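# Structural overview
Spelled out, the chains give:
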Amino acid sequence: MFDVLVVSDYNFGKNMIAKAYLKALGGDCFEVECAGFKPGPLNPLVTIIMKLDGHDLSNCDSPYSVFDLFTKGRRYDIVITICSKRLDEKCPDFPGQLLRLNWGHSDPDKVVESRIDRIQQTRIMRDSIKADVINFINAYKEGKLSELQ
């Protein structure tokens, strides 16, 4: 089993989506935690979009700061950042870390159009993260995780 940390900008959506799919599709292969560079509350649109795909995020973990986890000496085999490359470069390398991946996904909250547009963009983001998770799990099953870098 691999310990995985999924990090996003604010710990209020993208990483929770990845965690839900890693746990649902990865079986017992991964123990997953989430953190953010600036932790905040879960985005309600993410809760809605995930519920539409059968995942209840209403009881999500409290938001953690990636820097607090690092300072506490937490260990992860795999760190996945779901943010810009600029933020990814600020993420610390954890002791014992075997693999670091960056899945750059933009935040639908940055969309200034209507609520419908934000919901649609959040759904697109969810589906894109789900595809990344499926590729990750397939690489794991084929013994090709290192090829994802």
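Scroll up a little and you will see the structure.
Okay, so let's go over this structure.

Now for the pairing of strand β3 (residues 78-82). Each regular strand shows side chains that alternate between the opposite faces of the sheet. Across the 5 residues that make up β3, a large majority, 5, are buried. Summarising the sheet, strand β1 (residues 2-8) and β3 pair through 5 bridges and their orientation is parallel. Bridging across to β3, Val7 finds its partner in Thr81. Direction of pairing for β3 relative to strand β4 (residues 99-102): parallel, over a ladder of 4 bridges. Bridge pairing in β4 places Thr81 opposite Asn102.

Right, let's talk about the sheet that holds β4 for a bit. In spatial order, the strands read β2-β1-β3-β4; together these 4 strands make up an open sheet with parallel pairing. Looking at the sheet topology across the chains shown, the edges are occupied by β2 (30-36) and β4. Strand after strand, the sheet turns through a mean of 20° between neighbouring axes, direction not considered. Taken strand by strand, helix α1 (residues 14-25) contacts β1, β2 and β3, and its axis lies near 175° from that of β2.

Parameters and conventions
Residues numbered from 1 in each chain as written. Predicted model: local features only at pLDDT ≥ 70, side-chain atom pairs only at ≥ 80, totals over all residues. Heavy atoms only, no water. Buried < 20%, exposed > 50% of the residue type's maximum accessible area, 1.4 Å probe, protein only. Helix = DSSP H or I, 4+ residues; strand = E, 2+ residues; numbered from the N terminus. Pairing = 2+ DSSP bridges. Axes fitted to C-alpha atoms, helices over the stretch in contact; angles between N-to-C directions. Contact = heavy atoms within 4.5 Å.

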